[in-house]
Amino acid sequence: MNDTGREPRPKLPDSEKITVNLGFVDLGRIDLMVRDGFYANRADFIRTAVRNQLDRQEEAVRHSVARRQLRLGLSHYSRAELEAARDAGAPLHIQVLGLATIAADVTPELARAAIASVEVLGAFQASAAVKAALADRTT
């Protein structure tokens with residue numbers, strides 16, 4: 001516990017690596033733009049392209065987030081929070097657009113007792129045992 005009485009959160013990565021398959025001509029065009037100084041490297045080009053597409057679709061994404069009642073951003077679920085949900089008989093429906101994490105000290109049994117469903121658009125970080133315990137509840 002820290003001075004605020006809350007469990008400190010572990011330092012998490014702020015991104016996740018993905019693989020993108022591109023045709024040779026598209027890859028060559030990207031390399032040309034990098035060589036001509038429009039972008040620092042291939043990854044810079046791809047990140048910029050993705051952000052531009054997301055900006056173009058921002059209104060549609062905003063409506064979808066509201067309609068699905070997704071929590072936006074980083075959501076961390078501590079052992080204490082899950083114990084409280086279990087003890088109250090009110091299992092959580094985790095719905096996140098961004099990053100959802102479950103504390104390392106959460107057991108698979110607690111996760112199953114406290115979590116009714118998991119829908120994460122982005123990344124879901126939990127121990128392998130907790131992920132396995134929730135596999136049938138994860139979409």
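Residues numbered from 1 in each chain as written. Predicted model: local features only at pLDDT ≥ 70, side-chain atom pairs only at ≥ 80, totals over all residues. Heavy atoms only, no water.

Trainee: A description of the overall build of the protein should follow, citing residues and the corresponding values.
Mentor: Helices and strands together make up the secondary structure of the protein, namely 6 helices and 3 strands. Ordered by position from N to C terminus, the α and β elements of the protein give α-α-α-β-α-β-α-β-α. Relative to the globule expectation of 14 Å for 139 residues, the C-alpha radius of gyration of the protein, 19 Å, shows a markedly less compact shape. When the backbone C-alpha atoms are referred to their principal axes, the protein occupies close to 60 × 35 × 30 Å. Burial status across the protein gives 23% buried among its 139 residues. Accessible surface, the protein: about 9900 Å² in total, of which carbon and sulfur atoms supply 55%. (Helix = DSSP H or I, 4+ residues; strand = E, 2+ residues; numbered from the N terminus. Rg over C-alpha atoms; globule rule 2.2 N^0.38 Å. Buried < 20%, exposed > 50% of the residue type's maximum accessible area, 1.4 Å probe, protein only. Areas by Shrake-Rupley, 256 points an atom, 1.4 Å probe, with all protein chains shown as cover.)

Trainee: Could you give an account of unusual backbone geometry, naming the residues involved and the relevant values?
Mentor: The phi torsion of most residues other than glycine is negative, and most of the peptide bonds are trans. Located in the positive-phi region is Gln 69, a residue other than glycine, with phi close to 55°. Judged by relative accessible area, Gln 69 falls into the exposed class, the value being 63%.

Trainee: Outline the sheet that holds strand E1 (residues 71-77), listing residues and values.
Mentor: Read across the sheet, 3 strands follow the order E1-E2-E3 without closing on themselves; strand pairing throughout is parallel. Each of the sheet's edge strands pairs with one partner strand only, and the pair in question is E1 and strand E3 (115-125). Shown here is a sheet whose adjacent strand axes are inclined to one another by a mean of 45°, direction ignored. Here E1 pairs with strand E2 (residues 92-102) via 7 bridges, running parallel. Bridging from a neighbouring strand, His 76 pairs with Thr 101 of E2. Lying on the sheet, helix H4 (residues 79-88) is in contact with E1, E2 and E3; it crosses E1 at an angle near 90°. (Pairing = 2+ DSSP bridges. Axes fitted to C-alpha atoms, helices over the stretch in contact; angles between N-to-C directions. Contact = heavy atoms within 4.5 Å.)

Trainee: Report on the pairing of E3, specifying residues and quantitative values.
Mentor: Relative to E3, E2 runs parallel, the two sharing 10 bridges. The partner of Leu 99 across the bridge, within E3, is Ala 123.

Trainee: I'd love a proper account of the environment of Leu 82, names of residues and values included.
Mentor: Along the polypeptide, Leu 82 turns up in helix H4. The exposure class assigned to Leu 82 is buried, which follows from its relative accessible area of 0%. C-alpha of Leu 82 to C-alpha of Ile 102: the two residues are 20 residues apart in sequence and 9.2 Å apart in space. Sequence-distant contacts of Leu 82, defined by excluding residues within four places in its chain, comprise Tyr 77, Leu 92, Ile 102, Val 106, Leu 110, Ala 114 and Ile 115.

Trainee: Describe helix H2 (residues 42-56), and please don't skip the residues or the numbers.
Mentor: The first and last C-alpha atoms of H2 sit 21 Å apart over 15 residues, in line with the 21 Å expected at 1.5 Å per residue. Where H2 starts, the residue carrying a side-chain oxygen 3.2 Å from the main-chain nitrogen of Ala 43 turns out to be Asn 41. (Expected span 1.5 Å × (residues − 1). Polar contact = N/O pair within 3.5 Å; in protein donor to acceptor, adjacent residues only side chain to side chain.)

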